[in-house]
Amino acid sequence: RIGSPCPDRPYEATIAVLDRAGRQVAEARSGADGRFRVLLPPGTYTLRPRQSSAPPRAAELTVTVSADSITDVQVAFDSGIR
């Protein structure tokens, strides 16, 4: 409804992880809290949310993983509801 904000909520989703050559190297499923974890060697990866043709939808993300550190990312799914 107009004037009634819709706050972000966690979303369970499957995320494919692709290397620079476009090969899938991992896949993760987020939990009910929307969080997921993938252990990867340093490098640049594309996160590709698995989704149907219906909303919610999310864009691919490019992520650079550094040695000996945790890389936080946020994959935002959009319901299309305004």
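Note that the coordinates shown come from a computational prediction; the quantities given were computed from them, not determined experimentally.

Parameters at a glance
Residues numbered from 1 in each chain as written. Predicted model: local features only at pLDDT ≥ 70, side-chain atom pairs only at ≥ 80, totals over all residues. Heavy atoms only, no water. Helix = DSSP H or I, 4+ residues; strand = E, 2+ residues; numbered from the N terminus. Buried < 20%, exposed > 50% of the residue type's maximum accessible area, 1.4 Å probe, protein only. Contact = heavy atoms within 4.5 Å. Lys, Arg positive; Asp, Glu negative; His and termini not counted. Charge placed at Lys NZ, Arg CZ, Asp CG, Glu CD. Pairing = 2+ DSSP bridges. Axes fitted to C-alpha atoms, helices over the stretch in contact; angles between N-to-C directions. Phe/Tyr/Trp six-rings, centres within 6.5 Å; stacked < 30°, edge-to-face > 60°. Salt bridge = Lys/Arg side-chain N within 4 Å of Asp/Glu carboxyl O. Core = buried A, V, L, I, M, F, W, Y, C linked by side-chain atoms within 4.5 Å.

A.B. asks: Just to check I follow, could you spell out the overall build of the protein chain for this structure?
C.D. replies: Within the protein chain, the regular secondary structure consists of zero helices and four strands. Helices and strands in the protein chain line up, N terminus first, as β-β-β-β. Taken along its principal axes, the extent of the C-alpha atoms in the protein chain is 45 × 25 × 20 Å. Across the 82 residues in the protein chain, those meeting the buried criterion constitute 22%. Excluding contacts between residues fewer than 6 apart, the proportion of contacts in the protein chain whose partners are at least 24 apart in sequence is 32%. Distance between charge centroids for the protein chain: 5 Å, based on 11 positive and 9 negative side chains.

A.B. asks: What exactly am I supposed to notice about the sheet that holds strand β3 (residues 43-49) here?
C.D. replies: Hydrogen bonds between backbone atoms are what pair the strands of a sheet, whose relative direction is either parallel or antiparallel. The sheet built from four strands is open, its strands ordered β2-β1-β3-β4 with antiparallel pairing. Looking at which strands have only one partner, the edges of the open sheet turn out to be β2 (24-29) and β4 (61-65). Going from strand to strand, the sheet's axes swing by 30° on average, the running direction of each strand aside.

A.B. asks: Whenever I open this one, the packing of aromatic side chains confuses me. Can you help?
C.D. replies: How two aromatic rings sit relative to each other is given by the distance of their centres and the angle of their planes. The tally for this structure, following the rule as stated, stands at one aromatic pair. Measuring from centroid to centroid gives 4.7 Å for Tyr 11 and Phe 77, while their planes differ by 45°, and the two rings are tilted. Placement of the pair is Tyr 11 in the segment before β1 (14-18) and Phe 77 in the segment after β4, with a sequence separation of 66 residues. Judged by relative accessible area, Phe 77 falls into the partly exposed class, the value being 22%.

A.B. asks: Is there a simple way to think about the pattern of salt bridges in this case?
C.D. replies: Side-chain pairs of opposite charge can arise where the charged atoms are in close proximity. Applying the stated rule across the entire model yields three salt bridges. Put simply, Arg 23 and Asp 19 hold a salt bridge, and the shortest N to O gap is 2.9 Å. Here Arg 23 falls in the exposed class, since its relative accessible area comes to 54%.

A.B. asks: Help me understand the nonpolar core in this model?
C.D. replies: Burial of nonpolar side chains together is a common tendency in soluble globular proteins. Counting residues in each nonpolar core, the largest one holds nine residues, listed as Ile 15, Val 17, Ala 26, Tyr 45, Leu 47, Ala 58, Val 63, Val 65 and Val 75. At the level of secondary structure, the elements contributing two or more residues to this core comprise β1, β3 and β4. Not counting chain neighbours up to four residues away, the residues in contact with Ala 26 comprise Ile 15, Ala 16, Val 17, Val 38 and Leu 40.

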